[in-house]
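Observations on the model geometry
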Amino acid sequence: MFSVIGCGFKIDNSLSFDQQSEYVWQVPNGFPIPLVPADNPMTDNKVELGRQLFYDSRLSGDGSVSCAFCHQPSLAFTDGRSRAVGIQGNIHPRSAMSLANVAYNATLGWDDPSLTRLEDQMLIPLYNTQPPEMGAAGREAEILSRLKKDRDLRLLFHRAFPDDKYPVTMRNVIFALASFERTLISGNSPYDRWAYGADPDALNKDQRAGARLFFSKRLNCFRCHAGFNFSGPVKYTGSELPEARFHNTALYNEDGNGAYPRPNTGLHRHTGQGGDMGKFRAPTLRNIALTAPYMHDGSIPTLEAVLDHYAAGGRSRFNPQIVRFNSNTDPLMTGFKLSPVEKRQLIAFLNALTDQIFIQQALEQEVLNP
Ligand code: HEC
Ligand code: HEC
């Protein structure tokens, strides 16, 4: 019944905790145990180091941007912007994603089929140069020397990696950050108390009606935002190896043939296949009320407008330029009529996916000005 964050490890700034205690998962009801790579087992000390580093802007080339700069706990680890902003004001082409339940995602990022490990994903914000997000490329020695100068942090590295003589390395930074990310589990929303917590009053009448709409064959939301995480494919201890899935939800049709504006062509960006144009991963809808604006490019400002987009069978259908049926569009994007009352109910349901306990704990454990 708890969000894992905060339950499995001690927050103790006096650094008095013992040697490697194995991390104890306490996942919410209805949730499976995340998969952890064999080469990066979870320990309390590694999670604690990762938490400190996540909020630490010394990790960026010029010392100005931390992971949390774009992944803020109060916004379910997003940034409230349509497109993320990195060091020196560089604008990323896409929107920062929520990190809630990121441990379960079969693939990482909006559209990348090959990114499956948190340890690999992180290389992008750290080292990416187009555009630079944290600008660490070529400045690793400088970054590590900044970290080494901090005595408390150095101690944490030694505790987290006791077998290493010189533990302050980029590899260990990355492994600790990944361990911390795996603890960001959100499953304490009113919906969870209703569905898994046997509390029939956790959802009001509107929210229950909204749930029925969400899971209906008319709207089909649950077909893409599926399972306990209301998302695309997930993996966990004991699960089958999931197949990656990406969908074109008819957001754009630049050329009458379904083209998306560059560089955000989705799966097509990685495969070069015409049929992959505009295909993106269905992100989790947990905490969705906190993560506006929406879609890979933040081009839809509100949940009401998101519902208008789906009701119309895709925003591109409004486009008078459309001359041909766009064959990439997912067959589930059929469109539907939604009455004002139904719209209110569906929004009420989406609001019931907000996990205040998760946000509260994340805020309590935020590291300010490390
Ligand atoms: C400049 C803003 C920015 C910074 C700094 C940043 N991120 Fe991100 N993050 C993003 C954006 C944008 C995406 C979506 C990338 C994409 O797929 O195009 C993202 C995606 C992710 C994802 C994938 C989530 C999912 O559901 O697939 C993870 C994990 C992540 N970031 C972790 C981190 C970590 C760890 C750090 C620090 C080392 C970090 N980020 C720093 C902007 C940022
Ligand atoms: C065909 C699969 C599919 C169906 C059906 C579907 N979605 Fe989505 N949804 C997606 C994909 C893919 C994205 C990301 C699209 C993008 O950014 O280009 C998305 C994005 C979203 C977002 C924005 C998420 C974010 O973090 O920005 C919301 C909210 C959303 N969907 C709600 C719904 C609701 C409500 C329904 C039912 C009316 C629904 N979806 C039906 C696949 C689907």
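Note that residues are indexed from 1 along each chain, following the sequence as it is written. Think of it this way: whatever chain is written first is A, whatever ligand is written first is 1, and the rest follow in order. Restriction of local features to residues with pLDDT of at least 70 applies here, the model being predicted, together with a cutoff of 80 or more for giving and counting side-chain atom pairs; totals for whole chains, interfaces and linings are based on all residues. Where side-chain values are given, they derive from all heavy atoms of the structure, hydrogens and water being excluded.

1. A short note on the packing of aromatic side chains
Think of a pair of aromatic rings as described by two things: how far the centres are apart, and how the planes are tilted against each other in angle. Classification of ring pairs uses Phe, Tyr and Trp, with its six-membered ring standing for Trp, and accepts pairs whose centres are within 6.5 Å; under 30 degrees between planes counts as stacked, over 60 as edge-to-face, and the remaining range as tilted. A full pass over the atoms with the stated rule returns 21 aromatic pairs. Put simply, the rings of Y191, W194, F214, F215, F222, F230 and F349 touch in pairs and so form one group of aromatic residues. Directly above the aromatic system of F175 lies the positively charged group of R171, at a separation of 4.1 Å from the ring centroid. Across from the ring centre of Y252, 4.8 Å away, lies the NZ or CZ of R315, which sits over that ring. Two thresholds decide whether a charge sits over a ring: the Lys NZ or Arg CZ must be within 6 Å of the ring centre and within 35 degrees of the ring normal.

2. Overview of the coordination of the iron atom of ligand 2
Protein coordination of the iron atom of ligand 2 is provided by H225 (NE2) and Y310 (OH), with donor distances spanning 1.9 to 2.1 Å. Note that water is not among the atoms used; donors are N, O and S atoms within 2.8 Å of the metal (3.2 Å for Na, K and Ca), so sites may look incomplete. Any coordination sphere not matching a tetrahedral pattern (four donors, all angles between 85 and 135 degrees) or a square planar or octahedral pattern (four or six donors, opposite donors over 155 degrees apart, other angles between 65 and 115) is reported as irregular. Taken together, the six donor atoms coordinating the iron atom of ligand 2 span angles of 83 to 179 degrees at the metal, a pattern that classifies the geometry as octahedral. On the criterion of sequence distance, the pair formed by H225 in the loop between α10 (221–224) and β1 (247–248) and Y310 in helix α12 (residues 303–311) is long-range, its members being 85 residues apart. Exposure classes here rest on a 1.4 Å probe applied to the protein chains alone. A residue is buried below 20% of its type maximum, exposed above 50%, and partly exposed in between. Take Y310: its relative accessible area is 23%, and that puts it in the partly exposed class. In DSSP terms, a helix is any run of H or I states spanning at least four residues, a strand is any run of E spanning at least two, and both are numbered starting from the N terminus.

3. A look at the coordination of the iron atom of ligand 1
Only one protein atom coordinates the iron atom of ligand 1: H71 (NE2), located 2.1 Å from the metal. Turning to its location among the elements, H71 is positioned in the loop between α2 (67–70) and α3 (118–121).

4. Here we look at the site of ligand 1
We call a residue near a given molecule or strand whenever any one of its heavy atoms falls within 4 Å of it. The immediate surroundings of ligand 1 are formed by 29 residues, with C67, C70, H71, R94 and G109 found nearest. The contact in question runs from an oxygen atom of ligand 1 to an N or O atom on the side chain of R94, over 2.4 Å. A distance of 2.7 Å separates an oxygen atom of ligand 1 from a polar atom in the backbone of G109. Listing elements by their share of the shell around ligand 1, those giving two or more residues are α2, α3 and α7 (170–182). Residue classes follow a fixed rule: Ala, Val, Leu, Ile, Met, Phe, Trp, Tyr, Cys and Pro count as nonpolar, while Asp, Glu, Lys and Arg count as charged, and any other residue, Gly among them, counts as polar. Tallied by class, the residues present in the shell around ligand 1 amount to 16 nonpolar, nine polar and four charged. Counted as a polar contact is a pair of N or O atoms within 3.5 Å, where, for protein atoms, one must be capable of donating a hydrogen and the other of accepting one, and residues adjacent in sequence contribute only when both atoms are in side chains.

5. A look at the pattern of salt bridges
One side chain can pair with another of opposite charge once the charged atoms of both are near each other. Basic side-chain nitrogens of Lys or Arg form a salt bridge, by our definition, when they fall within 4 Å of a carboxyl oxygen of Asp or Glu. Evaluation of the coordinates by the stated rule reveals 14 salt bridges. Ionic pairing is found between E119 and R182, a salt bridge with its closest N-O pair at 2.9 Å. Taken as a pair, E119 in helix α3 and R182 in helix α7 lie far apart in primary sequence, 63 residues in all. Judged by its relative accessible area of 3%, R182 is buried. Residue R344 pairs with D206 through a salt bridge whose shortest N-O separation is 3.1 Å. Highlighted residues: R344 in helix α13 (residues 340–351) and D206 in helix α9 (residues 205–214), separated in sequence by 138 residues. The partly exposed category is assigned to D206, whose relative accessible area is 24%. A network of salt bridges, in which partner residues are shared, links D39, R117 and D120.

6. Here's the deal with the site of ligand 2
Around ligand 2 there are 24 residues in total, and C221, C224, H225, H296 and Y310 lie nearest to it. At a separation of 2.8 Å, a nitrogen atom of ligand 2 approaches a polar side-chain atom of H225. Contacts to ligand 2 include H296, whose backbone N or O atom sits 2.7 Å from an oxygen atom. Broken down by secondary-structure element, the contributors of at least two residues to the shell around ligand 2 are α10 and α12.

7. Regarding the side chain of H309
Relative to the helices and strands, H309 resides in helix α12. Two residues qualify as a contact provided that any one of their heavy atoms is within 4.5 Å of a heavy atom in the partner residue. Not counting chain neighbours up to four residues away, the residues in contact with H309 comprise T249, A250, L251, M295, I300, G314, R315 and M333.

8. Some points on helix α14 (residues 356–364)
Buried within α14 we find F358, I359, Q361 and A362. Projected down its long axis, α14 carries its buried residues within an arc of 165 degrees, all on one side. The backbone nitrogen of I357 has a side-chain oxygen 3.1 Å away, supplied by the residue at the start of α14, namely D355. Within this analysis, the arc is defined by the directions that extend from the helix axis to the C-beta atoms.

What is shown is where atoms sit, not what they do.
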